[in-house]
Amino acid sequence: MNFRLKIWRQRSAEDRGRMAEYPVKDVSPDMSFLEMLDVLNEDLTQKGEEPLAFEHDCREGICGACSLMINGIAHGPERAATACQLHMRHFKDGDTLTVEPWRAKAFPVLRDLVVDRSALDRIVQAGGFISVNTGSAPEANGLLISKETSEKAMEAAACIGCGACVASCKNASAMLFTAAKVSHLALLPQGQPERAARVKKMIARMDEEGFGNCTNQYECEAVCPKEISVSFIARMNREYLKAQST
Amino acid sequence: MCKEFLGSSVGRKAVVGVTGFILFGFVVVHTLGNLQIFLGRDPLNAYAYKLQSLPWLLWPARVFLLAVLLVHLWISLWLAVENRRARPTPYVFKDTVQATLASRTMVMTGLIILLFIVYHLLHFTFGATNPEFFHLTDAKGRHDVYAMVVLSYRNYWISGTYLLAMFFLCLHLSHGVSSIPQSLGWNDERWDPLFKWAGRAAALVIFMGNSSMPLAAVVGILK
Ligand code: FES
């Protein structure tokens, strides 16, 4: 398969950046989107041009490093998949593909398609943890948690922190991410002691980082590779309003 | 606490939700009141007379609603400005997966409704735009609201303006009403579809109720 790529190139955080066009030829339909970019990079290196910078690590949809806006959709057109798990067979031969970095004030572009997502880490540092003494693992059946609750908590904990929710949100809001992090701890007994303080601190941090505010358009849910439901945002709102009223 | 609450995204969203709910409640009551026009001249004029004769109820209600409206407007615009700033560099290729048209045009539809409210008050409350219909009295000597409304709506420009405004109101409510449970944290996966459709249905019912009046006047059902 052959494609025409329109890609955002930016030398450094200070550089203004621009879109550049590249053809890529002889792409196998079984390649992932990142492997297709590898082909492009090899081509660029051979020609003596600067290869394209993009983030990746596990390439199996679990680390959340890959972060590409493909034709205006975070992680591309396939539902419930990260860009590394998106295969070229989902496109048509000869397609033009526009690839951009996540766009948000809180995610400054470092180079080409690589953005700084440490704002998300700082939200977690503000309260996305439980304070317990470490030591030997507790007895597995010491704390009983119903199947329903543990599954709900796991659904929220599935968040890999890729930032697609922010990237796709019309307001660059990080509420789906923060909601997932707040919810999985609020649901479990281990999260109870710091429950109220946690949600307040995490939301305060999220706001400070310059993310936008959710307007319930649910673009985040549509692109989330882990299909995290926006009902967690309602849960976070509930947690916050409860924490504020006590 | 108030400063922290109003400074936070979630707190302000809740304020927009609560004020929106109150304003929606007003729209429902206002629509029901107006629909009495179909009962005839006498019941409508009697209803208007009754309201006017209760100034201790009417004026606090007006002041309260105006305050609610201003808070709704102020907080929503504050959030909207922040939202614009949160993405200084736009995408070259823009796409939307599931955000509705209504959800993407809330600021615009909201501001159109604001303009409409100003016109609507000038028209029917202050009698500034069509004074010729405003000073009529009925057989019992009361302000003839019925005649004022029907004669106004016979003008295609006026009824057209009202219909258009109701379309924007419907669009605004269809997203706004469905969003209230989400912003106030009552929503969850089970209830989400119900809230979504209930909000849209409510918006549609309001639209049909309110547009039935200008339409009825135009086609001559109301005389
Ligand atoms: S590279 Fe790890 S999720 Fe894509």
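What you see is a predicted model, and the numbers here were worked out from it, not measured in a lab.

S.K.: Would you take a moment to explain the overall build of chain A for this structure?
M.R.: A tally of regular secondary structure across chain A gives eight helices and seven strands. Against the compact-globule benchmark of 18 Å for 246 residues, chain A has a radius of gyration of 20 Å, which places it among compact chains. The dimensions of chain A, computed from C-alpha atoms along their principal axes, are 60 × 35 × 35 Å. Going through the 246 residues of chain A one by one, you find that 53% of them count as buried.

S.K.: Sorry if this is basic, but what is going on with the layout of surface pockets here?
M.R.: Here the idea is plain: a probe the size of a water molecule rolls over the atoms and shows the empty space left. For the second largest pocket, the calculated volume is near 320 Å³. Along the walls of the second largest pocket sit 19 residues, with A:Asn216, A:Tyr218, B:Thr100, B:Lys196 and B:Arg200 positioned nearest its centre. When contributions to the lining of the second largest pocket are tallied by element, the ones reaching two or more residues are α5 (101–104), α9 (156–183) and α10 (192–219) of chain B. The residue makeup of the lining of the second largest pocket, split by class, is five nonpolar, ten polar and four charged.

S.K.: Is there a simple way to explain the packing of helix α8 (residues 145–154) of chain B against α9(B) in this structure?
M.R.: Packed helices, taken two at a time, are described by the angle between their axes plus the distance between the axes. Residue and element names in this part refer to chain B. Where α8 contacts α9, the axes come no closer than 5 Å and their chain directions differ by 100 degrees. For the element pair α8 / α9, the angle class is roughly perpendicular. Seen from α8, the contacting residues are Ser-152, Tyr-153 and Arg-154; seen from α9, they are Tyr-156, Ile-158, Ser-159 and Tyr-162.

S.K.: Please explain helix α5 (residues 175–187) of chain A as it appears in this structure.
M.R.: Look at α5(A): 17 Å from first C-alpha to last across 13 residues, which is about the 18 Å you get at 1.5 Å a residue. With 13 of 13 residues buried, α5(A) lies mostly within the body of the structure.

S.K.: Whenever I open this one, empty space enclosed by the protein confuses me. Can you help?
M.R.: Residues and elements named next belong to chain A. Counted according to the given criterion, the structure contains three cavities of 30 Å³ or more. In this model, the largest cavity occupies a volume close to 120 Å³. Lining the largest cavity are 15 residues, and of these Cys-169, Ser-173, Cys-214, Tyr-218 and Cys-220 lie nearest its centre. Secondary structure elements with two or more residues in the lining of the largest cavity: α5 and α7 (219–223). Of the residues in the lining of the largest cavity, the class split is eight nonpolar, five polar and two charged.

S.K.: Explain the pattern of salt bridges to me, please; I cannot follow it from the model alone.
M.R.: Oppositely charged side chains may form a pair once their charged atoms are brought near each other. Residues and elements named next belong to chain A. Under the counting rule described, the total for this entry stands at 21 salt bridges over all chains. Asp-30 serves as the salt-bridge partner of Arg-89, at 3.1 Å between the closest nitrogen and oxygen. Linking Arg-89 in the loop between β4 (73–74) and β5 (96–100) with Asp-30 in the loop between β2 (18–24) and α1 (33–46), this pair joins segments that are 59 residues apart in sequence. In this structure, Glu-239 engages Arg-195 in a salt bridge whose closest nitrogen and oxygen atoms are separated by 2.6 Å. Of this pair, Glu-239 sits in helix α8 (residues 231–245) while Arg-195 sits in helix α6 (residues 195–208), and the two are 44 residues apart along the sequence.

S.K.: So what exactly am I meant to see when it comes to the interface of chain A and chain B here?
M.R.: Interfaces are often sized by the amount of accessible area the parts lose when they come together. Counting residues at the interface gives 51 residues for chain A, matched by 40 residues for chain B. Contact with chain B buries surface across chain A, with A:Arg103, A:Asn213 and A:Asn216 losing the most and accounting together for 16% of the total. Remark: the boundary between chain A and chain B carries one salt bridge. Salt-bridge contacts for A:Lys152 lead to B:Glu189; the nearest nitrogen and oxygen are separated by 3.0 Å. At the boundary of chain A and chain B, one finds 34 residue pairs in polar contact (both at pLDDT 80 or more). Mapped onto the side of chain A that touches chain B, the elements with two or more residues apiece are β5, α3 (147–157), α4 (164–168), α6, α7 and α8 of chain A.

Scoring rules and cut-offs
- The residue numbering used here restarts from 1 in each chain and proceeds along that chain's sequence as written.
- Written order decides the labels, with chains lettered from A and ligands numbered from 1.
- The predicted origin of the model limits local features to residues at a pLDDT of at least 70 and limits the giving and counting of side-chain atom pairs to 80 or more, whereas totals for whole chains, interfaces and linings rest on all residues.
- Hydrogen atoms and water are omitted, and side-chain values are computed over all heavy atoms in the structure.
- Working definition: helices are DSSP H or I runs of at least four residues, strands are E runs of at least two. Numbering for both runs from the N terminus.
- In this setup the radius of gyration rests on C-alpha atoms only. A globule is expected at 2.2 Å times the number of residues raised to 0.38.
- Here the term buried applies to any residue with accessible area under 20% of the maximum for its type, exposed to any over 50%, and partly exposed to those in between, with areas from a 1.4 Å probe on protein chains only.
- Only protein atoms enter the 1 Å grid used here, on which a cavity is any set of points holding a 1.4 Å probe that cannot leave and a pocket is any open set flanked by protein within 12 Å on both sides along at least five of seven lines; residues with an atom within 4 Å of a point are listed as lining.
- Grid points are joined across faces, edges and corners, and a volume is the space filled by probe spheres set on the points.
- In this classification, Asp, Glu, Lys and Arg are treated as charged, Ala, Val, Leu, Ile, Met, Phe, Trp, Tyr, Cys and Pro as nonpolar, and every other residue, Gly included, as polar.
- Here the axes come from fitting lines to C-alpha atoms, over the contacting stretch only for helices, and the angles between their N-to-C directions go from 0 to 180 degrees.
- An angle below 35 degrees is treated as roughly parallel, one above 145 as roughly antiparallel, one from 65 to 115 as roughly perpendicular, and anything else as oblique.
- Contact definition: two residues touch when any of their heavy atoms are within 4.5 Å.
- By this rule, a helix spans an expected 1.5 Å times one less than how many residues it contains.
- For salt bridges, the criterion is a side-chain nitrogen of Lys or Arg within 4 Å of an Asp or Glu carboxyl oxygen.
- Here the quantity called buried area is the accessible surface, traced with a 1.4 Å probe, that two parts lose on coming together, added over both.
- For this analysis, a polar contact is any N or O atom pair within 3.5 Å, provided that within protein one partner can donate a hydrogen and the other can accept it, and provided that sequence-adjacent residues contribute only side-chain to side-chain pairs.

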